[in-house]
Amino acid sequence: MAEKKSQRDSIGMDAKGCRTNNGFVQNEDILEKDPDPGRPTDSPQLCSLPIFDPRELDFKDIQPYAGMPKEVLFHFSGQARYRVPREVLFWLTMAAVLVLTAGTIAMIAISPKCLDWWQAGPMYQIYPRSFKDSDQDGNGDLKGIQDKLDYITTLNIKTVWITSFYKSSLKDFRHGIVDFREIDPIFGTMKDFENLVAAIHDRGLKLIIDFIPNHTSDKHAWFQWSRTRTGKYADYYIWHNCSHENGITTPPNNWLSVYGNSSWHFDDVRNQCYFHQFTKEQPDLNFRNPDVQEEIKEIIQFWLSKGVDGFSFEAVKFLLEAKHLRDEIQVNKTQVPDTVTHYAELYHDFTTTQVGMHDIVRSFRQTMDQQSREPGRYRFMGTEAYGDSIDRTMMYYGLPFIQEADFPFNDYLTRLDSPSGNSVFEVVTSWMKHLPEGKWPNWMIGGPDNARLTSRLGKEYVNIMNMLVFTLPGTPITYYGEEIGMRNILATNLNESYNVDTLLSKSPMQWDNSSNAGFSEGNHTWLPTSTDYYTVNVAVQKAQPRSALTLYQELSLLHANELLLSRGWFCYLRTDSHFVVYTREMNGIDRVFLVVLNFGESSLLNLKEIISNIPTKVKIRLSTNSTKKGSEVDTQAIALDKGEGLIFEYNTKTFLHQQADVRDRCFVSSRACYSSVLNILHSLC
């Protein structure tokens, strides 16, 4: 006992004859300092203590203390009361990490792909010369567009699409480009463009622009160098020998321009004919020349570096022509060959959609992908496929593992020239049936090269067509003025040689009932305003609860806020000369939107005959007739006026896309299901 007590006393370090060192090293200077001779002899002295092996010690009566040696610490840490909580916390932490990791992986695995910005909301197409004039010269410009961005945001638009504004020779609406890297002075300066891009992005919007790679202006520097055979530019265009005597040219073959007559034109500088798919002022580039392809890719990179978010590539089916010069086949083989002068009189098998054309378009996609790597900076690519069959149009989506366009622009609804439920149904179902799996549709009802909707179908169908494109799956695209129901202007004489038929849908935007419809404060406008601008304008319709503009805003807001419209299934139920009826539904959401559109005369419709389990009474969520909004109607006898559209909403647990007799009439672009418990989308449908 005496020996153990001695050991404890040593560990405790009795301070009577020594200073206590509580595990801290004393300053060496203190240790080396000589004692003060005058110091009392009984002052505490530093002394050394014997070091004992901790294994020889009895720790039963010792408590943990600050500064204990590691051997003592290890002794206490091994005790059960310290070890067990530590191990429990360790394994709980490991389990939590594993659960979180597994949960994250599972969430990623079952989550559907998020909609990108070009899928999440409508696009608004602007013809810049006709949107807003800021400098009183009668021409719309880039500053004018910037001045009206706040209006565009009230439409819940996500993407602004501006048609061609490049420096041009003013032939064919700026498609004859003199310089791909310059803004035409009519529209402003490059600084104006940069300011516009910044203003668009500041409002959370995106910008896409037109790009026409097929041809240039005959005033372009490349063409001037090519006609003199200067260096690499000698083969930038398509040249062939042809005879030219007494002012009469005998072309290499019978190929025709889109605008009629031969697509070959004699150049007296080079003494050869050059090829042009459009006007003679627009010579086609030679895309079989790798240098030309590189030039175009550098131009794409130039505009992307300016902040552009994407492109609409125009006239891409004309990029390549057959290497041989064989005549194209006549539609009417009995027609005298010398009288074949109209484009529609030939089958254009050698001048459109040639082998290798899609490879060129994919190379454009690859160039854009190089600048799409930053989060949130994906660059959109659309293609124009005007006049192509539905099968050829779908080829622009690319192959299963080779991406091409995000979508080819769907202008089939712009070609409808008479209202009919059957014709609308045919356009919609044809696109959806041919749509490659996983690809995204789009819908447009107007454009610069088409007659306006009001002039084609009648003003009573403006609202119903807007309701159609906002309730179909995919991206709705609006041509400026369609939201207020603008119509074509009457033909007029111009000083420039334009195709007058394509001018009629490009009249100035109608902002208010002031002079020039608020488009310009100048004394003249490049085109006259429509005579109905006193009543059909933005300012008037803003104040009218039953206006086309008000309904457009309600439709775009509904589209933005409802998963049923942005991600849901589309099932068509009935179509005839009058009605188009379809539903939008989604697994996990016990509500259904039922859309009924009447393209015929006033009629009664019994929805019970179409959907047996529909409730007797259903609520009208939205109507082209605002007085019916929010009311309930009897589903056995629904009265619809001519051109009226209704969006019904009702609860159900039975989904049409899961029923065998309807399944083949249902389509979905981006499959997803909703979990109300977790408030998330998932793909375990």
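Since the model is a prediction, treat every value here as computed from it, not as a measurement. (Residues numbered from 1 in each chain as written. Predicted model: local features only at pLDDT ≥ 70, side-chain atom pairs only at ≥ 80, totals over all residues. Heavy atoms only, no water.)

(A) The overall build of the protein chain, seen in detail. Assigned secondary structure in the protein chain consists of 18 helices and 28 strands. In the protein chain, which comprises 685 residues, the proportion classed as buried is 52%. Long-range pairs, those at least 24 residues apart, make up 68% of the contacts in the protein chain with a sequence separation of at least 6. Accessible surface, the protein chain as shown: approximately 32,700 Å² in total, 52% of it carbon and sulfur. (Helix = DSSP H or I, 4+ residues; strand = E, 2+ residues; numbered from the N terminus. Buried < 20%, exposed > 50% of the residue type's maximum accessible area, 1.4 Å probe, protein only. Contact = heavy atoms within 4.5 Å. Areas by Shrake-Rupley, 256 points an atom, 1.4 Å probe, with all protein chains shown as cover.)

(B) Spotlight on the packing of helix α15 (residues 462-471) against helix α17 (residues 548-561). Contact geometry of α15 with α17 gives a least axis separation of 10 Å together with a crossing angle of 10°. Looking at the two axes, α15 sits roughly parallel to α17. Across the interface between the two elements, Val462, Asn463, Asn466, Met467 and Phe470 of α15 pack against Ala548, Leu551, Tyr552, Leu555, Ser556 and His559 of α17. Here the contact of α15 with α17 is composed, by residue class, of seven nonpolar, four polar and no charged. (Axes fitted to C-alpha atoms, helices over the stretch in contact; angles between N-to-C directions. Parallel < 35°, antiparallel > 145°, perpendicular 65-115°, else oblique. Nonpolar A, V, L, I, M, F, W, Y, C, P; charged D, E, K, R; others polar.)

(C) Fine view of the state of the cysteines. The tally for this structure, following the rule as stated, stands at two disulfides. The disulfide that involves Cys571 links it to Cys666, with 2.0 Å between the sulfurs. On the sign convention where negative means left-handed, the S-S torsion of about 115° between Cys571 and Cys666 marks this disulfide as right-handed. Placement of Cys571 in strand β18 (residues 569-575) and of Cys666 in strand β26 (residues 666-667) is noted, with a sequence separation of 95 residues between them. By relative accessible area, which is 0% here, Cys571 ends up buried. Classification of Cys666 as buried rests on a relative accessible area of 9%. (Disulfide = S-S within 2.5 Å.)

(D) Up close: the side chain of Thr429. With respect to the helices, strands and loops of the structure, Thr429 is situated in helix α13 (residues 421-434). A distance of 2.7 Å separates a polar side-chain atom of Thr429 from the backbone oxygen of Phe425. (Polar contact = N/O pair within 3.5 Å; in protein donor to acceptor, adjacent residues only side chain to side chain.)

(E) Seen up close, the packing of aromatic side chains. Overall, the coordinates contain 49 aromatic pairs when judged by the stated rule. Consider the rings of Phe193 and Trp303, whose centres lie 5.2 Å apart with planes at 85°: the pair is edge-to-face. Here Trp303 lies in helix α10 (residues 290-305) and Phe193 lies in helix α8 (residues 190-202), a separation of 110 residues in the sequence. Accessibility assignment for this pair places Phe193 and Trp303 in one class, buried. On the basis of an interplanar angle of 75° and a centroid distance of 5.6 Å, the ring pair of Trp255 and Phe275 is categorised as edge-to-face. Of this pair, Trp255 sits in the loop between β8 (248-250) and β9 (264-267) while Phe275 sits in strand β10 (residues 272-275); the two residues are 20 residues apart in sequence, bridging distant segments of the chain. The class for Trp255 is buried, based on a relative accessible area of 2%. By relative accessible area, which is 1% here, Phe275 ends up buried. For Arg181, the ring lying beneath its charged end belongs to Phe302, and the centroid distance is 5.8 Å. Sitting over the face of the ring of Tyr127, Lys506 holds its NZ or CZ atom 5.5 Å from the ring centroid. (Phe/Tyr/Trp six-rings, centres within 6.5 Å; stacked < 30°, edge-to-face > 60°. Lys NZ or Arg CZ within 6 Å of the ring centre and 35° of its normal.)

(F) The pairing of strand β25 (residues 645-651), seen in detail. Burial runs high along β25: six of the seven residues are buried. Bridging between strand β20 (residues 591-598) and β25 involves seven bridges; their strand directions are antiparallel. Counterpart to Leu597 in the pairing with β25 is Gly645. (Pairing = 2+ DSSP bridges.)

(G) Molecular detail of the environment of Val269. Inspection of the secondary structure assignment puts Val269 in the loop between β9 and β10. Accessibility expressed as a relative area gives 46% for Val269, which makes it partly exposed. When the C-alpha atoms of Val269 and Arg227 are compared, they prove to be 6.3 Å apart, with 42 residues separating the residues in sequence. Beyond its immediate sequence surroundings of up to four residues, Val269 is in contact with Arg227 and Thr228.

(H) Layout of the sheet that holds β25. Pairing is antiparallel in the open sheet, where seven strands are placed in the order β23-β22-β25-β20-β19-β18-β26. Only two strands of the sheet have a single neighbouring strand rather than two, namely β23 (632-634) and β26. Pairing between strand β22 (residues 617-623) and β25: four bridges, direction antiparallel. Bridge pairing in β25 links Ile620 to Phe648.

(I) The arrangement of the packing of α10 against helix α11 (residues 357-369) in detail. Two numbers describe how α10 lies on α11: the axes approach to 10 Å, and their chain directions differ by 35°. Every pair of crossing elements has a handedness; the one defined by α10 and α11 is right-handed. Where α10 abuts α11, its residues Gln293, Ile296, Lys297, Ile300, Gln301 and Leu304 lie against Ile360, Ser363, Phe364, Thr367 and Met368. Here the residues of the contact of α10 with α11 are counted per class, giving six nonpolar, four polar and one charged. (Left-handed = near helix turned anticlockwise from the far one by under 90°.)

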